[in-house]
Amino acid sequence: MRRAELPTPCYIVDIAKLRSNLELLQQVERASGCHILLAQKAFSCFAVYPMIAEYISGTTASGLYEAKLGYEQFGKETHVFSPAYTVDEMTTLCKICDHISFNSFRQLEAHRAIWENANVSVGIRVNPECSTQGDHAIYDPCASGSRLGVPLKHFRPDLLSGVEGLHFHTLCEQNADALITTFAAFEKKFGQYLPRMKWLNLGGGHHITREDYDVDGLVQLIRRIRAQYGVAVYLEPGEAIALSAGYLDTTVMDIVENDISVLILDASAACHMPDVLEMPYRPPLQNAGKWGEKPYAYRLSSRTCLAGDVIGDYSFDHPVQIGDRLTFEDMAIYSMVKNNTFNGMPLPAIVLQHENGNCEIVKEFDYEDFKDRLS
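Residues numbered from 1 in each chain as written. Predicted model: local features only at pLDDT ≥ 70, side-chain atom pairs only at ≥ 80, totals over all residues. Heavy atoms only, no water.

Colleague: Can you walk me through helix α3 (residues 64-73) in this structure?
Modeller: Every α-helical turn comprises 3.6 residues, leaving residues that sit three or four positions apart pointing alike. For α3, the set of buried residues is L64, A67, L69 and G70. Here the buried face of α3 lies against α2 (49-52), β3 (58-61), β4 (77-82) and α4 (87-96). One or two positions beyond α3, positive phi appears at G75, with a value near 85 degrees. (Buried < 20%, exposed > 50% of the residue type's maximum accessible area, 1.4 Å probe, protein only. Helix = DSSP H or I, 4+ residues; strand = E, 2+ residues; numbered from the N terminus. Contact = heavy atoms within 4.5 Å.)

Structure (structure tokens):
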């Protein structure tokens, strides 16, 4: 099947771009000696897990279901972090995970009787209290009042018996300089505990596959950590795995005139790309410019009832017609994992675009998928 034959809306995973990202991440693993894990919270398209597993060390999860998916479909290392676990979850996680990170010493102790007798390595997440975020306060785990990670004043060295790792995660779409700054703060506060640890998890938010990323700086930092402290080093990028490796194809269903021209699409920001409203951000659109940059300007919106379900304002070289297909870029990450059926909107099909250009539909959704989420 060729691209123009696909039904819309549909997510398309670009295998060639995905492989390019993975090749770079594999080079980082080999050059630095670190272990890179796929953060499934950003990208959980398990149809390509066998391919990803050829290049990196494993998966990390934000809870039981993601951990099970990584364990069943990826087949390599399985890590998990959650702010809290139930007893039943912990019992299962101890059977399928290699590493379990706890968010507090209270949680660590609450489940000690389970994990201490299991073949699993446990760690504690700490808060370096070093904010490097710019305009993304909602994604800043070091913000005042954060519930994520133990700050130094609440750290309990007396409860470290059996603990083999430390974990911090503070970045969001950032370069190596932010990690270097954060590690310096972490090292000042918690470095004294590293010699008694087996591993250090540097979390996610590393935009390693972005063109301007300082790969050499990252490699040098990891080498220093391993040499100085003798610990295994883990990174958990999600976006970097599938950055710029996906698209959302959509069709123009109608054009509404009200001071400006508004395109009604069969895709939705609220349902199919929620980060557009949550971040917020304006997703890249192929062959389009900013408002006023090209001669024909349109607001792109959806057929949901939400007045604010607006994707963004764009301009084009030629008038847009009903029935035209438009392609949003960088739609592999935080799209499939966060979409929903608000208004009974159909979920987009999931498609693999192979390196020869052929497209394969690997998943389609229908009314039953909407109905089965309800009662």
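Alright, that's what it looks like, and here's the rest.
Colleague: Is there a simple way to think about the pairing of strand β10 (residues 246-258) in this case?
Modeller: In the case of a regular strand, side chains alternate between the two sheet surfaces. Sheet topology note: the strand β1 (residues 10-14)/β10 ladder contains four bridges and is antiparallel. Paired with C10 across the bridge in β10 is D249. One ladder, built from five bridges, connects β10 with strand β14 (residues 325-329); its direction is antiparallel. Bridge assignment links D249 to a residue of β14, and that residue is T327. The loop that links β10 with its antiparallel partner strand β11 (residues 260-265) comprises one residue; one of these, D259, has a positive phi angle of about 70 degrees. (Pairing = 2+ DSSP bridges.)

Colleague: Which parts of the structure should I look at to understand the packing of aromatic side chains?
Modeller: Considering all chains together, one arrives at 13 aromatic pairs under this definition. On the numbers, 4.8 Å between centres and 40 degrees between planes, the contact of F155 with Y193 is tilted. On the criterion of sequence distance, the pair formed by F155 in the loop between β6 (121-125) and β7 (163-167) and Y193 in the loop between α7 (176-190) and β8 (199-201) is long-range, its members being 38 residues apart. Classification of Y193 by relative accessible area gives buried; the value is 11%. Feature note: the residues F105, F155, F168, F183, F186, F190 and Y193 constitute an aromatic cluster, connected by ring pairs. (Phe/Tyr/Trp six-rings, centres within 6.5 Å; stacked < 30°, edge-to-face > 60°.)

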